[in-house]
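Given next are the chains, with one letter for each unit.
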Amino acid sequence: QVQLVESGGGLVQPGGSLKLSCAASGSIFRIYTTTWYRQAPGKQRELVALITTGGTTNYTDSVKGRFTISRDNAENTVYLQMNSLKPEDTAVYYCNAVLQTTSGSPYYRYWGQGTQVTVSS
């Protein structure tokens with residue numbers, strides 16, 4: 001059984017910073033692309049940032065220069081460092097990982113339960 005657990009969300013003032021973590025546990029052979037999404041009230045879920053096995057990253061335009069995604073392969077953990085936060089960054093943040101549970105097994109996509117980020121004065 002594989003689990004993704006997000007942590008690090010909370011309430012922060014505009015201009016502040018938070019660092020989210022997405023930790024994968026269970027029977028994992030290899031994690032491929034990990035993606036952070038967010039969903040604000042009344043809006044569709046949107047891609048925020050992703051990182052591949054090789055370390056290639058991509059960001060949605062609204063967070064470029066403010067957010068940084070990174071990974072610790074030894075710990076099966078992906079981070080999202082969020083700086084210069086704005087009220088419009090308020091959302092539930094979810095991580096999503098594509099992985100194999102054993103060598104040669106199909107690729108599966110897993111979701112975490114989400115962590116709330118609120119940017120408000």
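Further up the page is the structure itself.
A few points on the structure. (Residues numbered from 1 in each chain as written. Predicted model: local features only at pLDDT ≥ 70, side-chain atom pairs only at ≥ 80, totals over all residues. Heavy atoms only, no water.)

Moving on, we come to the overall build of the protein. Of the regular secondary structure elements, the protein holds 0 helices and 11 strands. Starting at the N terminus, the α and β elements of the protein follow one another as β-β-β-β-β-β-β-β-β-β-β. Each of the three principal axes of the protein carries a C-alpha extent, and together these read 50 × 25 × 25 Å. Put simply, the protein has 121 residues, and 42% of those count as buried. The contacts of the protein with a sequence gap of at least 6 include a subset with a gap of at least 24, amounting to 55%. Carbon and sulfur atoms provide 46% of the accessible area of the protein, an area that totals close to 6,300 Å². Taking the 10 positively charged and 7 negatively charged side chains of the protein as two groups, their mean positions are separated by 4 Å. (Helix = DSSP H or I, 4+ residues; strand = E, 2+ residues; numbered from the N terminus. Buried < 20%, exposed > 50% of the residue type's maximum accessible area, 1.4 Å probe, protein only. Contact = heavy atoms within 4.5 Å. Areas by Shrake-Rupley, 256 points an atom, 1.4 Å probe, with all protein chains shown as cover. Lys, Arg positive; Asp, Glu negative; His and termini not counted. Charge placed at Lys NZ, Arg CZ, Asp CG, Glu CD.)

Okay, the environment of Glu46 next. Within the secondary structure, Glu46 is located in strand E5 (residues 46–51). The exposure class of Glu46 is partly exposed, given its relative accessible area of 32%. With 47 residues separating them along the chain, Glu46 and Tyr93 place their C-alpha atoms 9.6 Å apart. A polar side-chain atom of Glu46 sits 2.6 Å from a polar atom in the side chain of Arg38. (Polar contact = N/O pair within 3.5 Å; in protein donor to acceptor, adjacent residues only side chain to side chain.)

With the rule as written, the count across this model stands at 1 disulfide. One disulfide in the model links Cys22 with Cys95; its S-S distance is 2.0 Å. Across the S-S bond linking Cys22 and Cys95, the dihedral sits near 60°, which makes this disulfide right-handed. In this pair, Cys22 is assigned in strand E3 (residues 18–25) and Cys95 in strand E9 (residues 91–100), connecting sequence segments 73 residues apart. Residue classification places Cys95 among the buried positions, given a relative accessible area of 0%. (Disulfide = S-S within 2.5 Å.)

Let us now look at the nonpolar core. Ranked by internal contacts, the top residues of the largest apolar core, which has 29 residues, are Trp36, Val48, Phe67, Ile69, Leu80, Met82 and Tyr93. Within the residue set of this core, elements represented by two or more residues are E3, strand E4 (30–39), E5, strand E7 (67–72), strand E8 (77–82), E9 and strand E11 (115–119). Per-element accounting of this core gives the leading share, 5 residues, to E9. Residues within four places of Met82 in sequence aside, it is in contact with Gly16, Ser17, Leu18, Leu20, Arg66, Phe67, Tyr93 and Val117. (Core = buried A, V, L, I, M, F, W, Y, C linked by side-chain atoms within 4.5 Å.)

Attention shifts here to the pairing of E8. A regular strand carries its side chains on alternate faces of the sheet. Alignment of E3 against E8, held across 6 bridges, turns out to be antiparallel. Counted as the bridge partner of Ala23 is Thr77 from E8. Here E7 runs beside E8; their pairing, made up of 6 bridges, is antiparallel. Looking at the pairing, Arg71 lines up with Val78 of E8. In textbook terms, the turn of a hairpin is the stretch between consecutive antiparallel strands, and for E7 and E8 this stretch comprises 4 residues, one of which, Asn76, has a positive phi near 50°. (Pairing = 2+ DSSP bridges.)

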